[in-house]
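Per-entry structural report
Here is what each chain is made of, one letter per residue.
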Amino acid sequence: MAGKQKYPNAEIHDRLRRSAENLIHRGAELPNHSGSLSVDALQLLYQKANTPDSAADALKLLHELQTYQVELDLLYEQLQANEQEITEELAHYRSLYEQAPVAYLSVANDGEIMESNQAAGALFGVPSTALIGRAMASLLAPGQDETLNALAVPSQDAICASVTLPDQRCLTIDARSAADGNSVLMVLTEARAPSIPSKPTAIS
């Protein structure tokens with residue numbers, strides 16, 4: 001005989017059903033997020049419960065409905081817990097990005113800055129939010145379009161290039177395309193001494 005086919009996530013549903021039935025059998029205080037049965041449904045169950053031929057079916061149906069409601073409430077609580085965990089993780093990693101000691105930029109392929117952290121703002125002498133929407137080229141000394149264009153070419157290989165700021169400070173940019181290919185992730189570090197801007201080179 002062929003084995004019984006189960007729908008996706010059947011094991012999760014079975015575990016949820018066992019938890020719900022266990023709560024009901026123990027008489028534990030049940031969570032209630034999904035509301036109660038409608039008046040019409042209660043009246044129908046009452047009528048069936050008062051009819052000998054359908055009383056057993058009515059009690060069975062009532063138990064099934066109660067079990068489904070507890071399942072939904074348990075699932076709702078799990079979804080809330082998952083959402084809270086994801087929110088906390090997002091805030092954690094956002095904090096790591098914002099407060100990292102290294103300057104980070106996310107630059108669109110057309111050269112517009114999409115994201116920056118506090119260290120990037122300090123590097124350019126402005127609040128990090130003031131960098132959002134600016135063209136990367138506007139922060140550099142003139143004549144470095146070729147270097148920036150090469151950095152903007154989608155590639156999963158890390159690229160390293162040197163650029164010069166208007167005040168003649170030299171920056172080293174380590175760049176890599178984002179997973180979606182629509183932007184470039186950059187790490188910027190200030191060199192110890194000024195140098196002539198170099199063409200981008202792939203990092204092996």
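Description of the structure in this document. (Residues numbered from 1 in each chain as written. Predicted model: local features only at pLDDT ≥ 70, side-chain atom pairs only at ≥ 80, totals over all residues. Heavy atoms only, no water.)

Let us now look at the overall build of the protein chain. A tally of regular secondary structure across the protein chain gives 6 helices and 6 strands. From first element to last, N terminus to C terminus, the protein chain shows the α and β order α-α-α-β-β-α-α-α-β-β-β-β. For the protein chain, the residues scored as buried account for 30% of the 204 residues in total. Sequence-distant contacts in the protein chain: of pairs separated by 6 or more residues, those separated by 24 or more amount to 46%. (Helix = DSSP H or I, 4+ residues; strand = E, 2+ residues; numbered from the N terminus. Buried < 20%, exposed > 50% of the residue type's maximum accessible area, 1.4 Å probe, protein only. Contact = heavy atoms within 4.5 Å.)

Glancing now at the pattern of salt bridges. The final tally for this structure, using the stated rule, is 4 salt bridges. Linked through salt bridges whose partners overlap, the residues forming this network are Arg94, Glu98 and Glu115. (Salt bridge = Lys/Arg side-chain N within 4 Å of Asp/Glu carboxyl O.)

Another point: the nonpolar core. Core analysis: the largest hydrophobic core is formed by 24 residues, its most contacted members being Leu105, Phe124, Met136, Leu151, Ile173, Met186 and Leu188. Going through the elements one at a time, strand S1 (103–108), helix H4 (118–124), helix H6 (145–151), strand S3 (159–164), strand S4 (170–177) and strand S5 (183–190) are the ones with two or more residues in this core. A total of 4 residues in this core trace back to one element, the largest contributor, which is H4. Apart from the residues within four sequence positions on either side, methionine 136 is in contact with Leu105, Val107, Gly111, Ile113, Leu148, Ile173, Met186 and Leu188. (Core = buried A, V, L, I, M, F, W, Y, C linked by side-chain atoms within 4.5 Å.)

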